[in-house]
Number of protein chains: 4
Amino acid sequence: MILPKASRLTPEQLAEVTQIVGAFGCHIQPIIGAVRSIYAIVGDERDELMINRLEGLDYIERVDQIQSPHKLMDRRSDLASHRIKVGGVRAGEELLVIAGHCTIDPKNPNLFYETAQAVKEAGAHSLRGGVWKPRTNPYSFQGDNKSLDILMEAHRRTGLPVDAEVMDEHQLRLALDAGVHMLQVGARNGLNYSLLRAIGHAVAEHDTVVLLKRGLHMGPLNEFISAAEYIVAFGNPNILLCPRGTSPALDGYRNHPDESITPLLKEKTWAPVVVDPSHSVGKASYVPACALAAVAYGADGLCIETHIAPSKGIGDDPKQAVTPDVLAALIRDAKQLWALRHPQPAKAVA
Amino acid sequence: MILPKASRLTPEQLAEVTQIVGAFGCHIQPIIGAVRSIYAIVGDERDELMINRLEGLDYIERVDQIQSPHKLMDRRSDLASHRIKVGGVRAGEELLVIAGHCTIDPKNPNLFYETAQAVKEAGAHSLRGGVWKPRTNPYSFQGDNKSLDILMEAHRRTGLPVDAEVMDEHQLRLALDAGVHMLQVGARNGLNYSLLRAIGHAVAEHDTVVLLKRGLHMGPLNEFISAAEYIVAFGNPNILLCPRGTSPALDGYRNHPDESITPLLKEKTWAPVVVDPSHSVGKASYVPACALAAVAYGADGLCIETHIAPSKGIGDDPKQAVTPDVLAALIRDAKQLWALRHPQPAKAVA
Amino acid sequence: MILPKASRLTPEQLAEVTQIVGAFGCHIQPIIGAVRSIYAIVGDERDELMINRLEGLDYIERVDQIQSPHKLMDRRSDLASHRIKVGGVRAGEELLVIAGHCTIDPKNPNLFYETAQAVKEAGAHSLRGGVWKPRTNPYSFQGDNKSLDILMEAHRRTGLPVDAEVMDEHQLRLALDAGVHMLQVGARNGLNYSLLRAIGHAVAEHDTVVLLKRGLHMGPLNEFISAAEYIVAFGNPNILLCPRGTSPALDGYRNHPDESITPLLKEKTWAPVVVDPSHSVGKASYVPACALAAVAYGADGLCIETHIAPSKGIGDDPKQAVTPDVLAALIRDAKQLWALRHPQPAKAVA
Amino acid sequence: MILPKASRLTPEQLAEVTQIVGAFGCHIQPIIGAVRSIYAIVGDERDELMINRLEGLDYIERVDQIQSPHKLMDRRSDLASHRIKVGGVRAGEELLVIAGHCTIDPKNPNLFYETAQAVKEAGAHSLRGGVWKPRTNPYSFQGDNKSLDILMEAHRRTGLPVDAEVMDEHQLRLALDAGVHMLQVGARNGLNYSLLRAIGHAVAEHDTVVLLKRGLHMGPLNEFISAAEYIVAFGNPNILLCPRGTSPALDGYRNHPDESITPLLKEKTWAPVVVDPSHSVGKASYVPACALAAVAYGADGLCIETHIAPSKGIGDDPKQAVTPDVLAALIRDAKQLWALRHPQPAKAVA
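Everything numeric here is computed off the predicted structure, so don't read it as measured data. (Residues numbered from 1 in each chain as written. Chains lettered and ligands numbered in written order. Predicted model: local features only at pLDDT ≥ 70, side-chain atom pairs only at ≥ 80, totals over all residues. Heavy atoms only, no water.)

## Concerning the interface of chain A and chain B
On the chain B side, the residues contacting the 31 residues of chain A number 31 residues. Between chain A and chain B, the buried area comes to about 2800 Å², and carbon and sulfur atoms account for 65% of it. Our count for the chain A to chain B interface comes out at zero salt bridges. At the boundary of chain A and chain B, one finds nine residue pairs in polar contact (both at pLDDT 80 or more). (Contact = heavy atoms within 4.5 Å. Buried area = accessible area lost by both parts, 1.4 Å probe. Salt bridge = Lys/Arg side-chain N within 4 Å of Asp/Glu carboxyl O. Polar contact = N/O pair within 3.5 Å; in protein donor to acceptor, adjacent residues only side chain to side chain.)

## Notes on the relation of the copies chain D and chain A
Once chain D has been moved 0.0 Å along the axis and rotated by 180 degrees, it coincides with chain A to within an RMSD of 0.0 Å. Expressed as an axis order, the relation between the two copies is that of a two-fold axis. Closest approach to the rotation axis within chain D is made by the C-alpha atom of D:H217, at a distance of 2.7 Å. The overlap is high: 100% of the interface residues of chain D also sit at the interface in chain A, so the same surface is used on both sides. (Least-squares fit on C-alpha atoms with pLDDT ≥ 70 in both.)

## A few points about helix 6 (residues 193-203) of chain D
Residues and elements named next belong to chain D. Counted residue by residue, helix 6 has nine buried out of eleven residues, so it is predominantly covered. Turning to helix 6, its buried residues are Y193, S194, L195, L196, A198, I199, G200, A202 and V203. Taken together, the buried residues of helix 6 touch helix 5 (169-178), strand 10 (182-185), strand 11 (209-213) and helix 7 (221-232). (Buried < 20%, exposed > 50% of the residue type's maximum accessible area, 1.4 Å probe, protein only. Helix = DSSP H or I, 4+ residues; strand = E, 2+ residues; numbered from the N terminus.)

## Re the packing of helix 6 (residues 193-203) of chain B against helix 7 (residues 221-232) of chain B
Residues and elements named next belong to chain B. Between helix 6 and helix 7, the shortest axis-to-axis distance is 7 Å and the interhelical angle comes to 40 degrees. Classed by the angle they form, the pair helix 6 and helix 7 counts as oblique. In this structure, helix 6 contributes Y193, L196, R197 and G200 to the contact, and helix 7 contributes A227, Y230 and I231. In terms of residue class, the contact of helix 6 with helix 7 is made up of five nonpolar, one polar and one charged. (Axes fitted to C-alpha atoms, helices over the stretch in contact; angles between N-to-C directions. Parallel < 35°, antiparallel > 145°, perpendicular 65-115°, else oblique. Nonpolar A, V, L, I, M, F, W, Y, C, P; charged D, E, K, R; others polar.)

## A few points about the relation of the copies chain A and chain B
Copy one and copy two of the chain differ by a rotation about a common axis and a shift along it. When chain A is fitted to chain B, the best match, at an RMSD of 0.1 Å, comes from turning it 180 degrees and sliding it 0.0 Å along the axis. The share of interface residues of chain A whose copies in chain B are also at the interface is 100%, consistent with both copies meeting through the same surface.

## Observations regarding the UniProt feature "domain: DAHP synthetase I/KDSA" (unreviewed entry) in chain A
UniProt tags residues 92-328 of chain A as "domain: DAHP synthetase I/KDSA" (unreviewed entry). Between the end C-alpha atoms of residues 92-328 of chain A there is a gap of 20 Å, over a span that is 38% helix and 14% strand. (UniProt positions renumbered as here; feature names shortened; annotations may be inferred.)

## Overview of the packing of aromatic side chains
Here the distance between the centres and the angle between the planes together describe a pair of aromatic rings. One pass over the structure, following the stated rule, counts eight aromatic pairs over all chains. Ring geometry for B:Y193 and B:Y230: centres 4.7 Å apart, planes at 15 degrees, overall stacked. Taken together, the residues span a long stretch of sequence, with B:Y193 in helix 6 and B:Y230 in helix 7 at a distance of 37 residues. For B:Y193, a relative accessible area of 2% corresponds to the buried category. You can call B:Y230 buried: its relative accessible area is 1%. Ring geometry for B:Y253 versus B:Y286: centroids 5.1 Å apart, planes at 85 degrees, classification edge-to-face. With B:Y253 in the loop between strand 12 (239-242) and helix 8 (262-268) and B:Y286 in the loop between helix 9 (277-281) and helix 10 (287-296), this pair connects stretches of sequence that are 33 residues apart. Above the ring of D:Y139, the side-chain terminus of A:K71 is found at 4.5 Å from the ring centroid. Its guanidinium or amino end placed over the ring of D:Y113, D:R157 lies 3.9 Å from that ring's centre, counting from NZ or CZ. (Phe/Tyr/Trp six-rings, centres within 6.5 Å; stacked < 30°, edge-to-face > 60°. Lys NZ or Arg CZ within 6 Å of the ring centre and 35° of its normal.)

## Looking at the state of the cysteines
Evaluated as defined, the whole model comprises zero disulfides over all chains. Looking at the unpaired A:C290, the closest cysteine sulfur is the one in A:C242, lying at 11 Å. Free of any disulfide, B:C102 has its nearest cysteine sulfur in B:C303, 9.6 Å distant. The class for B:C102 is buried, based on a relative accessible area of 1%. (Disulfide = S-S within 2.5 Å.)

## With respect to the pattern of salt bridges
All names here are of chain C. Per the stated rule, a full pass over the model turns up 56 salt bridges over all chains. The closest approach of N and O atoms between R254 and D316, which form a salt bridge, is 3.1 Å. Placement of R254 in the loop between strand 12 (239-242) and helix 8 (262-268) and of D316 in the loop between strand 14 (301-305) and helix 11 (317-320) is noted, with a sequence separation of 62 residues between them. Judged by relative accessible area, which is 27%, R254 ranks as partly exposed. The buried category is assigned to D316, whose relative accessible area is 13%.

## Describing the interface of chain D and chain A
Listed by partner, the interface residues are 51 residues for chain D and 51 residues for chain A. With both sides pooled, the region where chain D packs onto chain A buries about 4200 Å², and carbon together with sulfur makes up 48% of that total. Broken down residue by residue, the surface that chain D buries against chain A is led by D:Y139, D:H217 and D:K283, which jointly contribute 14%. One can count four salt bridges joining chain D with chain A. Across the pair A:E55 and D:K319 runs a salt bridge, and its minimum N-O distance is 2.8 Å. Our enumeration of links across chain D and chain A arrives at 28 residue pairs in polar contact (both at pLDDT 80 or more). Only helix 2 (48-55), strand 4 (60-63), helix 6, helix 7 and helix 11 (317-320) of chain D provide two or more residues apiece to the side of chain D that touches chain A. Looking at which element gives the most residues to the side of chain D that touches chain A, the answer is helix 2 of chain D, with five residues. Classifying every residue of the side of chain D that touches chain A by side-chain character gives 18 nonpolar, 16 polar and 17 charged.

This is the structure:
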């Protein structure tokens, strides 16, 4: 859809535009309005180069694209019937819960083993444990390979599948070799297409699940869904979309909570949505309310930072991790709200 | 708290700063740090002029204020024990529901009377009906005084207290004279201090409730709370704070839903929070999820655009009003979630 | 332009849509795409109610509007040839400079008289002086009617036309009665349509100029231009558009400088653009750079807070006012850059 | 600086806080205010873990940090006297100009060679040519290794040093091996700390310059400066900071132009600022005005997409590249404005 700056194109301009789109196998259908005319591009109007050529013309205001650029993530794609399983639970059939440390402390492995056991008892299906950490400040603690052994040992002790963030190809290889069950793409890498491609390539041969956090400053949902499309394009559709708050922060929270995008994601894609309220609000006391709001909006799962003794945690845990008791109460309430929104066998609320 | 640009103030700079704050009855207490020094202002550091004088100095980076500028709205004020009653319900003791038309159609009063009866049966405590409308486009329908009669007639027929937005002193006077029970300050007037003062003045002599919508583009919560302070300063503390989504919109909604500020407002103020999910999301099908999320975050009430036949509505109603059936289901679910969050007699979840 | 949620409308949906737009004198022209179809509305597609009815349908994603809602401000309107004169200068033919106090101190009229004389000598064409002040904090100084006398006395002493902000109908009446030459609509009233209408009405009978500040949190340019349309609709086209920075602030400034919208405004409207760098950056030392940037972007004028002794100022002056010396240097440089961008008689730079 | 939620800490709370900061070698100095008390942390208050532990306490509202986390980039560091040379020009002594294609078309190398020669003649000091491209859409053209040969051939033909963006370690190695003179970190990798570290490591042994684009959605300036700190920490201080517009876009441009951060960057760091107006505004016709605004704000250089025949370009070039003629006029005007801002030998304007 071409919008001219003036009220309509001159015949010469129309000829030039027609020639440009013709080179991409499209043609122009003018819509002659009473006040202003617009010009539909008939054919596949998604070609970036064609659009750039049109938008480069001085007399064009802009070109609106209508079609989705993500054919695999689209909820009308064949993948829509795919079901993703985490720790014995099929996403969409029961509320999925991922819980654990934001950062594993390599000097205190027992803290993590105790948390692992406690979140299992509280009802979590998967164990999260940060091994490597992205840090704004180059001089902060950036994680430790030893934590990977601690993570896998916690898996052996509890039987829970484990989840870790990877930030480059080296970490990706280490995590896959160790047998990590779920790879997390963090909020700072949502536009790191080299990493997204590498992960897509690597997990294509495995049954690994990818938990894709929404980018820290991400704008339109298409950016988020395109990041998922990069990963799925290589053949493994085990992807979970994870809103986790965006920056700049809502005045008083760590980020701007964004669980409200859940219905919008579900209209566009087939992928389960697992909300991370811990990073969204950034302070433990606000986490249960945000978690319930996520379920209210239709989330399929929750990712909750939990620590057996938050004040002894490292990284963000002292600030935002809840205790296993709070996690257990939160899961109990969230399941009741989930039941309210998924009545058996009758119709949904919203 | 004064932060210099350099690592510390020179003796001459310190003398100048001391003199400036001295003129406002304050003194300076330096905090000599290992790397950088800062300078506390001891006394009442809220004076805008003192801060502007300090920030005007070339060697000062900024002055941080710590104290709250709103002494009446603060939850530590004497007003914190005040309870606001709407339609027989005391806010905080039961989920408060306001429902009705965004815009009353002066040509079809029966539509509004039918809606009024239906929202009463669905469980609403107060009836909303837009008489005058703020419009971006000067040539759009701006409301009609006749709608005020229709609103009051609906009150007589149903017994429900009624709510209307006023945008200037003339409308304010008309609404109060007609006996409107709740005055609404709309999202475009959140920074219109002349109007806020006029309303505060006018309602001081009445028992009228003021529903203060959050400003359309409002930033820090202090702006919202200061707007309430303007109204309460004249003596009537019957104020409800109403988050209703902010602009720019979250990609796919009409606005950026902001029910998540509820816990932050409650930490700072004593006023009940009544969320408007209809304007937040802007499309009827998303309203029930957003309403539940508001209750999840601890809202005391909901304001829901409802219409007996949305497609026959005017203003925003065709797009965002739910039907009375949806309202009834929404209230039922919201009350269940409210009960989950307010267990009797035990403690709350979050 | 109607975008359905699915790849195309069903025949029943198309019939319903056709019926809705038919009621508004429009018809539908489908554009059948290879992948997705869209549906043009032929006729005047700007009716808000028609759009709301269409967007209320469950199967419609959104309706894109193409035509401008502001017929008078549009640069293709008959008003485009109107020239606005301030202090003997016709906007567009020479760089227009407005300068003076953000706030007149009613206790120190001489400070203002000295500033008035000094800005005249520095080359300003109009004298700005704040009489009434909008304040976030209800307990701050809100201005004083006495300052209006001081403002008019400064006019008598210097011959410069004077400019003051009005925030309600009462102040509007006082200012017009006193003979103020330019009325300013402040950044908090950009969406206060009752005030905009009242000003439009009042100035229609005068030759008064209106300096319309961009709203503090204003989003799309259409909001800004529509605010101008409200004023001009009553018959007086003496309007100056004034970008003055938006909120939230760019990290380190008072606001987010927005002089860069100048070329965008000029493409859409015929009105002169007068940039206020003082509020944009909020600190005197940054003002000259921001002023030059505004001229680089094609601004027709500048509005510069200037004070004979900034540290003795009140309101924002101690922080952001420059001295008359700095103003004079700034005007000299800005005029050189203006000459560079408006070569005589040859072509423009951009 | 610790801000409690209540007006002051209880003795027990103060003891707990004192113990936490004590573990990090700091102590607490209370500032007892008339209305509210705050608590300074004396020592190095930048430790993230200490801050997280404090902010995890229920009775703490927040902890304000004052000290800069970037010790090498700080303008008070020893590196401040370092001068960076590009194509024979020392940044800061003359306006630095980088120009060329956003994307090299591997099928039409001659277009690039012609552009290279033309930008040299127009006065550019360095040649930009995109080899690999980050793309939101996984199915778009992502660049081609062959373009690296074309880039180096253009260097041989013109003698201009060349600049290319790298997005991962593999591309980094290829670019360094080929002898690329300037590496560009793109706007999507501003928070990709693995890449930043890898580049810092790799260029430490070379004299390579790094052009660090500001992140696409970057918030506070500290994020930008910290990204530079990552690179410089390995020993090569040849870094140029490149504002290039942020997202979300200013209504009508491709991004939100951000040349206005230049004075803020210069107050905090010693590094030269090279503004990219092409991506900021995203349309060729707006580029000259934005370039002049950058110089008005004190930029040390400009990075301008230029193409011998924009409509034949690929990537973003058809839309935003200017022709060599426009580049030449732009450089001429920019140099005049530069001279105005850097009078010889007298003092600067701002």
